[in-house]
Amino acid sequence: MELNKSGEVELILTLSKLSVSKEEITKVQNLLEVSIIDFDKLISMLFLHRTSMLFYKNLKKFNLTSYFPNKLVGLLSLMYTGNKMRNTYYYDHTAKIFNDFYNEGIKCIPLKGTILNHQVYRDYGLRYSGDMDILIQNKDLKHVTSILNEHGFIQGYLKDGAIDPATKELKMFHRLSTHELVPFLLETNEETCEFIEFDVQFDIFNRAKNMRVNYNLENLFETSKEIKIINNKAKCFSLKPEYNVLQLSSHLYQDATRIQGIKERKDQELIKYVDVYEYILKFQNDINWPEFSEELIENKVNHIVYYALYHTELLFGEFIDSHFMNSIKPENLSYLDVFGVEENTNHNWEIPFLERFFNSNRIKELEKLDGSDMVESERYRNIVSSLGK
């Protein structure tokens, strides 16, 4: 299915990635010369999809700034520079923590933004991360908690600009019912980064009802490799490329299909698809695709990876080996347009993916649901609220 792209969408899809061809730049230049671009709409979409920094970098790299209003370029420059300052502070002040984990024999594996910023984007200004996601073995969770506490971190949530410590009951609920601990927060005196947050995960799959996966997570740790990040100042471990693709796909899938993800407008963020696209382009030759396919099917998680890759190709065109895609393709593809997967009854989007992706009104489809359609998501919200969040 082809997307009837507006000029704004065409620009965002082309310039919100690292891999941009000469042909694509020529097409962009022609578009900018003949089309009237709604710059207010463009900047709003860039912020919602969290790709404004990538977009700005490409404007500079390909000498396209003259096509855009000075105030827009200035705002994008501020976003890029501010994000670079923030991430630099973030990483510099967490290097010691990574080394503490390493020296204590803990296999700490950075996920998502942290690993992508160091292995793919390689420019602290290009990708925003709200927190530091790390994967930790179950046996090390208490030790990790102790180390973070020693560094001044408090488990809790932000409330009115301050840390609201979590209750023991809430911590226990998270440990038993989700894939991560209550976030660890540290207040700083830095204006560009008021808080540093560690999200400690012990599973790469969501554990909501009807979404749980029985997967041998120990294999992720056994096959991980030691690496250095933060300008070689910190030691940690990295998932092998196949498992980073699996983790990125799982993260994308849960945010795109859960009702809570849709409510928080995490369901359609272009940056998640850019992450998958750029990571695979960089590491595709390091992945044993036939073995990866067999493992996904054996563990019954092929539908998760297919969902992520299928939709990424809808946005950016085919870039995955067709044999691999066909090998992991589920028999029934109706799930590709389903949401509310954590509920006992799933729901189908009335608007096709390519039409709803840049349509902020898509959330109105939730208004058609009643309480009986959101039992699980409401149950989770009520439990968390009653336990102190």
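Structural notes, computed from the coordinates. (Residues numbered from 1 in each chain as written. Predicted model: local features only at pLDDT ≥ 70, side-chain atom pairs only at ≥ 80, totals over all residues. Heavy atoms only, no water.)

**Quick look at the side chain of K112**
Note on placement: K112 falls in helix 7 (residues 112–121). In this structure K112 comes out as buried when scored by relative accessible area, which is 12%. If we skip the residues at most four places from it in the chain, K112 touches D133, Q201, Q247, L248 and H251. (Helix = DSSP H or I, 4+ residues; strand = E, 2+ residues; numbered from the N terminus. Buried < 20%, exposed > 50% of the residue type's maximum accessible area, 1.4 Å probe, protein only. Contact = heavy atoms within 4.5 Å.)

**Here we look at the sheet that holds strand 1 (residues 109–110)**
Read across the open sheet, the six strands follow the order 1-2-6-5-3-4; overall the sheet is mixed. In this open sheet, the two strands that pair with only one neighbour each are strand 1 and strand 4 (162–165). Of the strands in this sheet, strand 1, strand 2 (132–135) and strand 6 (193–201) are in contact with helix 6 (residues 95–103), which crosses strand 2 at around 10°. Against the sheet, helix 8 (residues 141–150) makes contact with strand 3 (154–159), strand 5 (184–190) and strand 6, and its axis sits at roughly 170° relative to strand 6, the strand it touches most. (Pairing = 2+ DSSP bridges. Axes fitted to C-alpha atoms, helices over the stretch in contact; angles between N-to-C directions.)

**Overview of the packing of aromatic side chains**
Applying the stated criterion to the full structure yields 22 aromatic pairs. Between the aromatic rings of F55 and F68, the centroid separation amounts to 5.9 Å while the plane-to-plane angle is 90°, which identifies the pairing as edge-to-face. On the criterion of sequence distance, the pair formed by F55 in helix 4 (residues 52–61) and F68 in the loop between helix 4 and helix 5 (70–92) is long-range, its members being 13 residues apart. Classification of F55 as buried rests on a relative accessible area of 0%. For F68, a relative accessible area of 4% puts it in the buried group. Taking 6.3 Å as the distance between ring centres and 55° as the angle between the ring planes, the aromatic pair formed by W289 and F292 counts as tilted. A residue pair is termed a helical-turn pair when its members lie 3 or 4 positions apart in one helix, as W289 and F292 do in helix 14 (residues 289–298) at three residues. As far as burial versus exposure is concerned, W289 and F292 are alike and both buried. An aromatic cluster is defined as three or more aromatic residues linked by ring pairs; in this entry it consists of Y273, F353, F357 and F358. (Phe/Tyr/Trp six-rings, centres within 6.5 Å; stacked < 30°, edge-to-face > 60°.)

**With respect to the pairing of strand 2**
Judged by which residues are buried, strand 2 turns out to be covered on both faces: M132 and I134 on one side and D133 and L135 on the other are all buried. Judged from the two bridges that link them, strand 1 and strand 2 form a sheet pairing that is antiparallel. Across the sheet, P110 pairs through a bridge with I134, a residue of strand 2. Two elements, strand 2 and strand 6, share four bridges in a ladder whose sense is parallel.

**Brief notes about the pattern of salt bridges**
Counted according to the given criterion, the structure contains 17 salt bridges. We note a salt bridge from K84 to D123, for which the minimum N-O separation is 3.9 Å. Taken together, the residues K84 in helix 5 and D123 in the loop between helix 7 and strand 2 connect sequence positions 39 residues apart. Judged by its relative accessible area of 35%, K84 falls in the partly exposed class. On the basis of relative accessibility, which here comes to 11%, the residue D123 falls in the buried class. Close ionic contact of D203 with R207 constitutes a salt bridge, the shortest N to O distance being 2.9 Å. (Salt bridge = Lys/Arg side-chain N within 4 Å of Asp/Glu carboxyl O.)

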